[in-house]
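The chain contents come next:
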Amino acid sequence: MQIISGHRTKIWSIDADLEERYLVTGPTDPELRFYTIKHDLVDERSMSKLNGLEDVGSENSSLQNKWEVLTLFDEIQRQSKDKVATIRFNKSGNMLACQVAGKIVEILRVLDETESKRKAKRRIH
């Protein structure tokens with residue numbers, strides 16, 4: 001189990017895209033947090049034992065790393081200040097709907113890694 005902190009308020013909705021690349025959290029505050037999901041969760045210590053290469057000094061580090069499944073990827077400020085009621089990715093994972101407690105649904109386009117980097121470069125220059 002991994003405990004993720006960062007939101008200053010309660011989280012009301014969580015969703016992952018169908019390919020399980022990203023997990024998004026929707027809290028009471030106006031900030032959505034995107035996390036990347038790591039799938040290569042092989043316990044290195046167990047693999048080392050199988051290969052006859054047990055490293056005693058790396059026991060604590062491999063035990064810590066195997067639980068680190070989520071990594072903060074991005075934070076997005078929502079337009080609405082109301083609490084999130086529901087967050088859902090579409091089937092292809094390129095759109096995210098965020099319904100708030102009122103009558104508003106915000107639709108966000110999820111950029112892939114190359115689009116995201118290109119957009120970030122434009123902001124800098």
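Going by the structure above, here's the rest.
Note that this is a predicted model, so its numbers are computed, not measured.

**Describing the packing of aromatic side chains**
Line of reasoning, step 1. By the definition in use, this model includes one aromatic pair.
Line of reasoning, step 2. Ring geometry for Tyr22 versus Phe73: centroids 5.3 Å apart, planes at 40°, classification tilted. Linking Tyr22 in strand S2 (residues 22-27) with Phe73 in strand S4 (residues 70-77), this pair joins segments that are 51 residues apart in sequence.
Line of reasoning, step 3. Take Phe73: its relative accessible area is 36%, and that puts it in the partly exposed class.
Line of reasoning, step 4. Against the face of Trp12 rests Lys83, its NZ or CZ located 3.6 Å from the ring centre.

**Regarding the pairing of strand S5 (residues 84-89)**
Line of reasoning, step 1. Pairing between S5 and strand S6 (residues 95-100): five bridges, direction antiparallel. In the strand pairing of S6, Ile87 is matched with Cys98.
Line of reasoning, step 2. Remark: five residues form the turn of the hairpin made by S5 and S6, two consecutive strands paired antiparallel; Gly93 in that turn has positive phi of roughly 80°.

**Overview of the pattern of salt bridges**
Line of reasoning, step 1. Inspection of every chain in the model, using the stated rule, returns five salt bridges.
Line of reasoning, step 2. Arg21 is the salt-bridge partner of Asp17, the closest N and O atoms lying 2.9 Å from each other.
Line of reasoning, step 3. The partner of Arg33 in a salt bridge is Glu31, with the nearest N and O atoms 3.3 Å apart. Each member of the pair Arg33 and Glu31 is classed as buried.
Line of reasoning, step 4. The network of salt bridges with shared partners includes Asp17, Glu19 and Arg21.

**Examining the layout of surface pockets**
Line of reasoning, step 1. Within this model, the largest pocket holds a volume of roughly 410 Å³.
Line of reasoning, step 2. Around the largest pocket, the lining is made up of 13 residues, and of these Asp74, Ile76, Arg109, Leu111 and Ser116 lie nearest the centre.
Line of reasoning, step 3. Of all the secondary structure elements, the ones that give two or more residues to the lining of the largest pocket are S4, strand S7 (105-109) and helix H3 (113-124).
Line of reasoning, step 4. Split by residue class, the lining of the largest pocket holds eight nonpolar, one polar and four charged.

**What to know about the sheet that holds S5**
Line of reasoning, step 1. Strand order in this open sheet of three strands is S5-S6-S7, and the pairing throughout is antiparallel. Each end of this open sheet is capped by a strand with a single partner; those strands are S5 and S7. Within the sheet, the average angular offset between the axes of one strand and its neighbour, ignoring direction, is 15°.

**Overview of the nonpolar core**
Line of reasoning, step 1. Tyr22, Val24, Leu32, Phe34, Val84, Ile87, Phe89, Leu96, Cys98 and Val110 form the largest nonpolar core, which has ten residues in total.
Line of reasoning, step 2. If one sorts the elements of this core by residue count, S5 sits on top with three residues.
Line of reasoning, step 3. When residues no more than four places from it in sequence are discounted, the contact partners of Tyr22 are Asp15, Ala16, Asp17, Tyr35, Thr36, Ile37, Phe73, Phe89 and Leu111.

**Let's talk about the pairing of S7**
Line of reasoning, step 1. Relative to S7, S6 is paired through five bridges, and the arrangement is antiparallel. Bridging from a neighbouring strand, Leu96 pairs with Leu108 of S7.
Line of reasoning, step 2. Here S6 folds back onto S7, and the loop between the two strands holds four residues.

Basis of the calculations
The numbering scheme is per chain: residues are counted from 1 as the chain's sequence reads. For a predicted model such as this one, the threshold for reporting local features is a pLDDT of at least 70, and the threshold for listing and counting side-chain atom pairs is 80 or more; totals across whole chains, interfaces and linings nevertheless cover every residue. Note: side-chain values were computed over all heavy atoms of the structure, leaving out hydrogens and water. A pair of aromatic rings is counted whenever rings of Phe, Tyr or Trp (Trp by its six-membered ring) have centres within 6.5 Å, and the orientation is called stacked for planes under 30 degrees apart, edge-to-face for over 60 and tilted otherwise. Strands are runs of DSSP state E lasting at least two residues, helices are runs of H or I lasting at least four, and both sets are numbered from the N terminus onward. Three exposure classes are used, based on accessible area relative to the maximum for each residue type with a 1.4 Å probe and protein chains only: buried under 20%, partly exposed in between, and exposed over 50%. In our convention, an over-ring charge means Lys NZ or Arg CZ found within 6 Å of a ring centre and within 35 degrees of that ring's normal. By this definition, two strands are paired if DSSP reports at least two bridges between them. Between Lys or Arg on one side and Asp or Glu on the other, a salt bridge is scored when a side-chain nitrogen of the former is within 4 Å of a carboxyl oxygen of the latter. Only protein atoms enter the 1 Å grid, on which a cavity is a set of points fitting a 1.4 Å probe that cannot get out and a pocket is an open set with protein on both sides within 12 Å along at least 5 of 7 lines, lining residues being those with an atom within 4 Å of a point. Grid points are joined across faces, edges and corners, and a volume is the space filled by probe spheres set on the points. Residue classes follow a fixed rule: Ala, Val, Leu, Ile, Met, Phe, Trp, Tyr, Cys and Pro count as nonpolar, while Asp, Glu, Lys and Arg count as charged, and any other residue, Gly among them, counts as polar. In this description, a line fitted to the C-alpha atoms serves as the axis of each element, helices being fitted only across the stretch in contact, and the angle between N-to-C directions of two axes falls anywhere from 0 to 180 degrees. Remark: nonpolar core denotes a set of buried residues (Ala, Val, Leu, Ile, Met, Phe, Trp, Tyr, Cys) joined through side-chain atoms within 4.5 Å. Contacts between residues were defined by any pair of non-hydrogen atoms, one from each residue, lying within 4.5 Å.

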